[in-house]
Amino acid sequence: VLEASVDQEFDIWVNGEKFELSAEAIECAEALQRAWFDIVEALDRSSASGDSRPSRGDFVATLAAFDSAWADFEQRYISELIAIEERARTLVLRAIEFEAKLPASEVPGRTASDFPASAAAEEEFLKLIATLNSIANHKRKGRDD
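Here is a short report on the structure shown in this document. As the structure is a prediction and not an experimental result, all values here were calculated from the model.

**Some thoughts on helix α3 (residues 56-88)**
With 33 residues, α3 extends 47 Å from end C-alpha to end C-alpha; this agrees with the ideal 48 Å at 1.5 Å per step. Along α3, the residues that are buried comprise T62, F66, A69, F73, Y77, E80, I84 and A88. The inward-facing, buried residues of α3 contact α1 (2-7), β1 (11-14), β2 (17-20), α2 (23-46) and α4 (90-100).

Spelled out as structure tokens, the structure:
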């Protein structure tokens with residue numbers, strides 16, 4: 001989670017589609033970075049001698065602020081990753097939906113023309129499979145035609 005806030009990579013590519021984290025998630029990432037900086041600063045001050053050392057109460061407050069910022073970003077970030085995953089898998093779910101309509105056209109002794117709805121489902125299914133193939137072949141060795 002800390003690494004995700006540090007990387008500042010707020011664009012996520014899934015299945016060839018770009019997803020962006022929300023402004024709220026970005027704000028939470030920035031707040032986590034500020035809280036992390038505050039901890040580092042407090043630790044640097046604690047190794048110094050004299051009056052610049054933070055009190056125990058100040059250090060506890062700094063840790064509590066970091067914990068809160070971490071929890072806020074983690075909740076927002078993971079929630080958005082889950083939503084992105086759900087949106088990204090719709091292509092696969094659509095392919096499953098059309099594949100479920102195909103068995104009727106596989107009846108022995110019958111042709112696809114006997115099942116016009118299945119023929120349309122088969123055409124859509126094949127388009128979706130071609131799209132999935134082109135996405136899976138990210139090195140562009142696949143085809144989508």
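On we go.
**Quick look at the environment of K127**
Residue position: K127 is located in helix α5 (residues 116-136). Considered as a pair, K127 and A95 are 32 residues apart in the sequence and their alpha carbons are 8.9 Å apart.

**Quick look at the nonpolar core**
In terms of nonpolar packing, the biggest core is built from 18 residues, with L21, L32, F66, F73, Y77 and I84 touching the most fellow members. Elements that contribute at least two residues to this core include exactly α1, α2 and α3. In this view, Y77 contacts A4 and L21; residues no more than four positions away in its chain are not counted. Grouped together as the second largest cluster of nonpolar side chains are 7 residues, F98, A121, F125 and L128 included.

**Description of the packing of α2 against α3**
It is the contact of α2 with α3, at a shortest axis distance of 8 Å, that shows an interaxial angle of 155°. With respect to each other, α2 and α3 are oriented roughly antiparallel. Between α2 and α3 lies a crossing whose hand is left-handed. Within the contact between the two elements, α2 uses E24, A25, C28, A29, A31, L32, A35, W36, D38, I39, A42 and L43 and α3 uses F59, T62, L63, A65, F66, A69, W70, D72, F73, R76 and E80. When the residues that make up the contact of α2 with α3 are grouped by side-chain class, the tally is 17 nonpolar, 1 polar and 5 charged.

**Examining the pairing of β1**
Pairing analysis gives 4 bridges linking β1 to β2, with the strands arranged antiparallel. Bridge pairing in β2 links V14 to E17. Taken together, β1 and the strand that follows it, β2, pair antiparallel across an intervening segment of 2 residues, in which N15 is found at a positive phi of about 55°.

**Overview of α4**
All of the buried residues in α4 are L91, A95 and F98. Angular distribution of buried residues about the axis of α4 spans 65°; they occupy a single face of the element.

**Some remarks on the packing of aromatic side chains**
As enumerated under the stated definition, the model contains 3 aromatic pairs in all. On the numbers, 5.7 Å between centres and 45° between planes, the contact of W36 with F66 is tilted. Taken together, the residues W36 in helix α2 and F66 in helix α3 connect sequence positions 30 residues apart. Note on W36: relative accessible area 37%, which makes it partly exposed. Plain terms: the ring middles of F73 and Y77 are 5.1 Å apart, the flat faces sit at 20° to each other, and that makes the pair stacked.

Definitions and limits used
- Residues numbered from 1 in each chain as written.
- Predicted model: local features only at pLDDT ≥ 70, side-chain atom pairs only at ≥ 80, totals over all residues.
- Heavy atoms only, no water.
- Helix = DSSP H or I, 4+ residues; strand = E, 2+ residues; numbered from the N terminus.
- Expected span 1.5 Å × (residues − 1).
- Buried < 20%, exposed > 50% of the residue type's maximum accessible area, 1.4 Å probe, protein only.
- Contact = heavy atoms within 4.5 Å.
- Core = buried A, V, L, I, M, F, W, Y, C linked by side-chain atoms within 4.5 Å.
- Axes fitted to C-alpha atoms, helices over the stretch in contact; angles between N-to-C directions.
- Parallel < 35°, antiparallel > 145°, perpendicular 65-115°, else oblique.
- Left-handed = near helix turned anticlockwise from the far one by under 90°.
- Nonpolar A, V, L, I, M, F, W, Y, C, P; charged D, E, K, R; others polar.
- Pairing = 2+ DSSP bridges.
- Arc of directions from axis to C-beta.
- Phe/Tyr/Trp six-rings, centres within 6.5 Å; stacked < 30°, edge-to-face > 60°.

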